[in-house]
Amino acid sequence: MHTHLFGPVDGPEVLALHGLTGHGRRWRNLAERHLPHLRFVAPDLRGHGRSPWTPPWSCEAHIADLKAVLDAHTTGPVTVVGHSFGGALALHLAAAVPDRVRALVLLDPAIGLPADRMLEIADLTLHNPDYTDEAEARAEKVHGDWGEVAPELLDEEIAEHLVELDSGRVNWRICVPALVTSWGELARGPVLPPAGIPTIFVQAGKVQPPYTTSNFRRDLAERLGDDLTLLEFDCDHMIDQARPAETAELVARMV
């Protein structure tokens, strides 16, 4: 897996997992500007960025990839920070290898979503997979989840992640079939971490309907009890990009 590494080799270790259509370098701003003493290990998930695009693209395949990343780049239990689909994978990882997860920071995680909603989004992805040009791609971000993100971070996102296709159109550096498959994975039943893993769950208050159900949040609270901190930020979905200072405080609390 193509893995971005930030911070000192001997710093407390953080595994940082991006969401769908993203890439590991998105964590650079949080790591270098706000938490430079930590060792961030931030892979491009399978089907994204510069990691392999080959299937399978199931949650099980992602977890196998993440275990290999941990083997290659970490020395002990890590704090796992996951945004959106990365939050779902963080929960799957904690359930699969709890001895390798010190704590969880879930940033507007997406998990256990309605199947009909995921079918609609997957269908839209199939029929509208790319953009006419950079201006159209930028406009979608500005008028969507990235509306509260600093312009320089959006510039960096476009420079790193937007590529020209053979057709002359542009798209993010992602495998569209992997993306479509992943929308289906989000319709899976929720996974809960083992009891005893300290967890911070941050919901983006402006995302309606939320990317998790009230039943999942209730079950998470029942499983973790006092080990769970539930927060809501008054922002859109890109919590770590729009609120890096506040996100850094939460991560620092959990390492």
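Residues numbered from 1 in each chain as written. Predicted model: local features only at pLDDT ≥ 70, side-chain atom pairs only at ≥ 80, totals over all residues. Heavy atoms only, no water.

Looking at an unreviewed UniProt entry, the protein carries the name Alpha/beta fold hydrolase, with the source organism given as Rhodococcus pyridinivorans.

Peer 1: If you had to explain the layout of surface pockets to someone new, which residues and values would you point to?
Peer 2: One number sums up the size of the largest pocket: a volume of about 910 Å³. Among the secondary structure elements, those contributing two or more residues to the lining of the largest pocket are α4 (115–127), α5 (134–142), β7 (170–172) and α7 (176–185). In terms of residues, the lining of the largest pocket owes the most to one element, α4, which gives five residues. Residues belonging to the lining of the largest pocket are distributed by class as follows: 16 nonpolar, nine polar and eight charged. (1 Å grid on protein atoms, 1.4 Å probe; cavity = no way out; pocket = protein on both sides within 12 Å on 5 of 7 lines; lining within 4 Å. Points joined across faces, edges and corners; volume = space filled by probe spheres on them. Helix = DSSP H or I, 4+ residues; strand = E, 2+ residues; numbered from the N terminus. Nonpolar A, V, L, I, M, F, W, Y, C, P; charged D, E, K, R; others polar.)

Peer 1: Run through empty space enclosed by the protein, naming residues and quoting values.
Peer 2: Over the atoms rolls a probe the size of a water molecule, and its path tells where empty space is left. Taken as a whole, this structure holds three cavities of 30 Å³ or more when the rule is applied. Its volume calculated, the largest cavity comes out at about 80 Å³. Looking at the largest cavity, the residues that line it are H23, R25, R26, N29, L153, E156, E157, E160 and Q241. The biggest single contributor to the lining of the largest cavity is helix α6 (residues 151–161), with four residues.

Peer 1: Describe the packing of α5 against α6, listing the residues and the values that go with them.
Peer 2: In contact at an axis separation of 11 Å, α5 and α6 are set at 135 degrees when each is read in the N-to-C sense. The angle between α5 and α6 falls in the class oblique. The interaxial crossing formed by α5 with α6 has right-handed handedness. Along the contact surface, α5 presents E134, R138, K141 and V142, while α6 presents L154, D155, E157 and I158. When the residues that make up the contact of α5 with α6 are grouped by side-chain class, the tally is three nonpolar, no polar and five charged. (Axes fitted to C-alpha atoms, helices over the stretch in contact; angles between N-to-C directions. Parallel < 35°, antiparallel > 145°, perpendicular 65-115°, else oblique. Left-handed = near helix turned anticlockwise from the far one by under 90°. Contact = heavy atoms within 4.5 Å.)

Peer 1: Could you give an account of the sheet that holds strand β9 (residues 228–233), naming the residues involved and the relevant values?
Peer 2: With mixed pairing, the seven strands of this open sheet are ordered in space as β1-β3-β2-β4-β5-β8-β9. The strands lining the two open edges of the sheet, one partner per strand, are β1 (3–6) and β9. Strand-to-strand twist of the sheet, defined as the mean angle between neighbouring strand axes without regard to direction, takes the value 20 degrees. As judged from the six bridges shared by strand β8 (residues 199–204) and β9, these two strands associate in the parallel manner. Bridge pairing in β9 places F201 opposite L230. Sheet strands touched by helix α8 (residues 214–224): β8 and β9. Its angle to β8, the strand with the most contacts, is close to 165 degrees. (Pairing = 2+ DSSP bridges.)

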